[in-house]
Amino acid sequence: MKLHVKISFVVVICFMFLLPNSIFGQELLHKGSQGQAVYDLQEELKKMGYFPSQPTGYYGSITDHAVRQFQLDTSLSPDGVVGFQTKQKLNSIEMMARVVHGEARGESYEGKVAVAAVIMNRLSTPGFPKNTYDVIFQTNAFTAVHDGQYNLTPNSYSYQAVIDALKGWDPTYGSVYYYNPTIATDDWIFTRDTVLRIGNHLFAK
């Protein structure tokens, strides 16, 4: 493994442990909860377009409504309680949004959703890992992970693109690969069956 790849990997691992406690903490959050974990949760929901106010650290009706809508949109039970599954979903969306931003921030909105859809398709395709973290950090899976662009802050379009992919929009028709044919250096990728082109990316199976 090249030195810059090793360094990028270490940076990514360190970054993951520095993400908000609302994602990695064990505490159940619900209406009436308060503190830093609630503040972090509100910040995450705000980035994703669910929390319309400034974070306060108090889990009131606005936060409860935001959590329930998030749960509905991501196929979770809309109970308004932020437990393990909801935190894992928030974590997965954060990781996916970072890939989308790193790989497709110059693409159309459809192109952003398409990148998120590829991640989703890999999760349900034999031969790929079965959880979001392992799909994203699989060796040489995504250029953005290895060149450091994963560490850039995603914009609102990147988060919304992930949400739309989770809700079922797949512009790639089941593709599990994509690449820019003008800069791709691995001859193997050109052997895959092309499904369609969206912007600068070819999507393939």
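Residues numbered from 1 in each chain as written. Predicted model: local features only at pLDDT ≥ 70, side-chain atom pairs only at ≥ 80, totals over all residues. Heavy atoms only, no water.

1. Some words on the overall build of the protein chain
The line we're drawing: Helix and strand assignments follow DSSP, with helices taken as H or I runs no shorter than four residues and strands as E runs no shorter than two, numbered in order from the N terminus. Any pair of residues with heavy atoms lying within 4.5 Å of one another is described as a contacting pair. Accessible surface area values rest on a Shrake-Rupley calculation with a 1.4 Å probe, where residue burial reflects the displayed protein chains alone.
Assigned secondary structure in the protein chain consists of nine helices and three strands. N-terminal to C-terminal, the α/β element order of the protein chain is α-α-α-α-α-α-α-α-α-β-β-β. For the protein chain, long-range pairs separated by at least 24 residues make up 56% of all intrachain contacts whose partners lie at least 6 apart in sequence. Accessible area for the protein chain stands at about 10300 Å²; split by element, carbon and sulfur atoms hold 54% of it.

2. Thoughts on the pairing of strand β3 (residues 201-204)
Test applied: Relative accessibility thresholds used throughout: buried, under 20% of the residue-type maximum; exposed, over 50%; partly exposed, between the two (1.4 Å probe, protein chains only). Two strands pair if DSSP finds at least two bridges between them.
Judged by which residues are buried, β3 turns out to be covered on both faces: H201 and F203 on one side and L202 and A204 on the other are all buried. In terms of strand pairing, strand β1 (residues 177-179) meets β3 through three bridges, oriented antiparallel. Note on β3: the bridge partner recorded for Y178 is F203. Pairing geometry for strand β2 (residues 194-198) and β3, over four bridges, is antiparallel. Within β3, the residue paired with T194 across the bridge is A204. Taking the residues between adjacent antiparallel strands as the criterion, β2 and β3 are bridged by two residues, where G199 takes a positive phi near 65°.

3. Focus: the packing of helix α5 (residues 84-104) against helix α6 (residues 109-123)
What counts here: Helix axes use the C-alpha atoms of the stretch in contact, all axes being lines fitted to C-alpha atoms, and the angles between their N-to-C directions lie in the range 0 to 180 degrees. Each angle is binned into one of four classes, with values under 35 degrees roughly parallel, values over 145 roughly antiparallel, values of 65 to 115 roughly perpendicular, and all other values oblique. The sense of a crossing depends on the near helix, which, turned anticlockwise from the far helix by less than a right angle, makes the crossing left-handed and, turned clockwise, makes it right-handed.
Direction vectors running N to C along α5 and α6 enclose 130°, while the axes themselves pass 9 Å from each other. Between α5 and α6, the angle is such that the two are oblique. Note that α5 runs across α6; the crossing there is right-handed. Together, M96, V99, V100, E103 and A104 of α5 and G111, K112, V115, A116, I119 and M120 of α6 make up the contact between the two elements.

4. Some words on unusual backbone geometry
In this model, N140 sits at a positive phi of 60°, which is unusual for a non-glycine residue. Take N140: its relative accessible area is 62%, and that puts it in the exposed class. Phi is positive for Y173, which is not a glycine, with a value near 55°. Here Y173 is to be found in the loop between α9 (156-166) and β1. Accessibility expressed as a relative area gives 61% for Y173, which makes it exposed.

5. As for the nonpolar core
In plain terms, the rule: Side-chain atoms within 4.5 Å are what join buried Ala, Val, Leu, Ile, Met, Phe, Trp, Tyr and Cys residues into a set we call a nonpolar core.
Core analysis: the largest hydrophobic core is formed by 45 residues, its most contacted members being L45, F70 and I136. Looking at this core, the element that brings in the most residues is α5, giving eight residues. In this structure, L45 is in contact with Y50, F51, A66, V67, F70 and L90, ignoring residues within four places of it in sequence. Among the nonpolar cores identified, the runner-up in size contains seven residues, and F128, Y179, I189 and L202 belong to it.

6. Quick notes on the confidence of the model for the protein chain
Rules: Values of pLDDT, the confidence the predictor places in each residue, fall between 0 and 100.
Per-residue confidence for the protein chain gives a mean pLDDT of 90; residues scoring 70 or more make up 88%. The low-confidence segment residues 1-22, where pLDDT is below 50, has 31 contacts with residues more than four positions distant or belonging to other chains.

7. Some details on the environment of T132
The residue T132 is located in helix α7 (residues 132-136) in this model. Taking the C-alpha atoms as reference, T132 lies 9.1 Å from R122; in sequence the two are ten residues apart. Those residues in contact with T132, other than ones at most four positions away along the chain, are S92, M95, M96 and L123.

8. Some remarks on the packing of α6 against α9
What counts here: Classes in brief: Ala, Val, Leu, Ile, Met, Phe, Trp, Tyr, Cys and Pro nonpolar; Asp, Glu, Lys and Arg charged; the others, Gly included, polar.
Where α6 meets α9, the closest approach of the two axes is 8 Å, and the angle between their N-to-C directions is 55°. Taken together, α6 and α9 sit at an angle that is classed as oblique. In the packing of α6 onto α9, the handedness of the crossing is right-handed. Along the contact surface, α6 presents Y109, K112, V113, A116, A117 and M120, while α9 presents Y157, Q160, A161, V162, D164, A165 and L166. Of the residues contributing to the contact of α6 with α9, the split by class is ten nonpolar, one polar and two charged.

9. Things to note about the packing of aromatic side chains
Here is the rule we go by: Geometry of aromatic contacts follows a simple scheme: Phe, Tyr and Trp rings, the Trp one being its six-membered ring, pair when their centres are within 6.5 Å, and the pair is stacked under 30 degrees between planes, edge-to-face over 60, tilted otherwise.
All chains considered together, the criterion is met by nine aromatic pairs. Judged by centre distance (4.5 Å) and plane angle (35°), the ring pair of Y133 and F137 falls under tilted. Arranged with centres 5.4 Å apart and planes meeting at 75°, the rings of Y179 and F190 form a pair that is edge-to-face. In this pair, Y179 sits in strand β1 while F190 sits in the loop between β1 and β2, placing the two residues eleven residues apart along the sequence. Given the relative accessible area of 8%, Y179 is considered buried. Exposure remark for F190: the relative accessible area of 39% places this residue in the partly exposed category.

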